[in-house]
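What follows is each chain in one-letter form.
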Amino acid sequence: MDKGFSATLSNNVKSNIFDGIPEHSTQEIFSQLLSSGTTRVERIVSYGQCSDPDFWYDQDENEFVLLVSGSATLEVKADDSDIRQILLKPGDCLNIPAHQLHRVAATNQKEKTIWLAVFY
């Protein structure tokens, strides 16, 4: 979890999505903002990181992602011959159904990329 950012939001306490983000990091930063029942909200900060070339996420949950800043390229795999690239810029959002194979092909190398991810 980041230092300086409340890992879990409290009721009626204002927070800012940009609080506590270091200017540089060699690793992605994952911060759980909210969790209730089967739903959780995370802030992810990427500094040029991407998935390993042969790695694909295969999650049990649906995932809604909103790109807050920076840029990213996701790859979504329907089957071995059908891989679609999706370029995300600030404000773009995407719903990824459970068990939809996907990976982060690239994130911005020059500025941090901030994601808001809702798992449900």
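Refer to the structure printed above.
From a predicted model like this one, the values you see are computed outputs, not experimental measurements.

Undergrad: Tell me about the nonpolar core, and name the residues and values.
TA: Membership of the largest hydrophobic core comes to 14 residues, with the highest contact counts inside it found for L74, L88, L94 and W115. Put simply, the parts of the chain that give this core at least two residues each are β3 (63–69), β4 (72–79), β5 (82–88), β6 (93–96) and β8 (113–119). Judged by nonpolar contacts, the second largest core, of five residues, contains I21, I29, V45 and I114.

Undergrad: Just give me the short version of the sheet that holds β6, but keep the residues and values in it.
TA: The antiparallel open sheet is built from five strands, whose spatial order is β1-β2-β8-β3-β6. The strands lining the two open edges of the sheet, one partner per strand, are β1 (29–36) and β6. The mean inter-strand angle of the sheet, taken between neighbouring strand axes irrespective of direction, is 20°.

Undergrad: Now, about the packing of aromatic side chains: what can you tell me, with residues and values included?
TA: For the coordinates displayed, the defined rule picks out one aromatic pair. Judged by centre distance (4.8 Å) and plane angle (85°), the rings of F55 and Y57 are edge-to-face. In this structure, R40 packs its charged tip against the face of F119, placed 4.0 Å from the ring centre. In this structure, R103 is placed above the aromatic ring of W56, and the distance from its NZ or CZ to the ring centre is 5.8 Å.

Undergrad: Quick rundown of the pairing of β5? Include the residues and the values.
TA: Every other side chain in a regular strand lies on the same face of the sheet, so the side chains alternate between the two faces. By the bridge criterion, seven bridges tie β4 to β5 in an arrangement that is antiparallel. Of the residues in β5, the one forming a bridge with L74 is I86. Here β4 folds back onto β5, and the loop between the two strands holds two residues.

Undergrad: Now, about the side chain of S69: what can you tell me, with residues and values included?
TA: Within the fold, S69 resides in strand β3. A relative accessible area of 16% means that S69 is categorised as buried. The residues contacting S69, other than those within four sequence positions of it, are P90, K112, T113 and I114.

Here is what the cut-offs are and how they apply
- Residues numbered from 1 in each chain as written.
- Predicted model: local features only at pLDDT ≥ 70, side-chain atom pairs only at ≥ 80, totals over all residues.
- Heavy atoms only, no water.
- Core = buried A, V, L, I, M, F, W, Y, C linked by side-chain atoms within 4.5 Å.
- Buried < 20%, exposed > 50% of the residue type's maximum accessible area, 1.4 Å probe, protein only.
- Helix = DSSP H or I, 4+ residues; strand = E, 2+ residues; numbered from the N terminus.
- Pairing = 2+ DSSP bridges.
- Axes fitted to C-alpha atoms, helices over the stretch in contact; angles between N-to-C directions.
- Phe/Tyr/Trp six-rings, centres within 6.5 Å; stacked < 30°, edge-to-face > 60°.
- Lys NZ or Arg CZ within 6 Å of the ring centre and 35° of its normal.
- Contact = heavy atoms within 4.5 Å.

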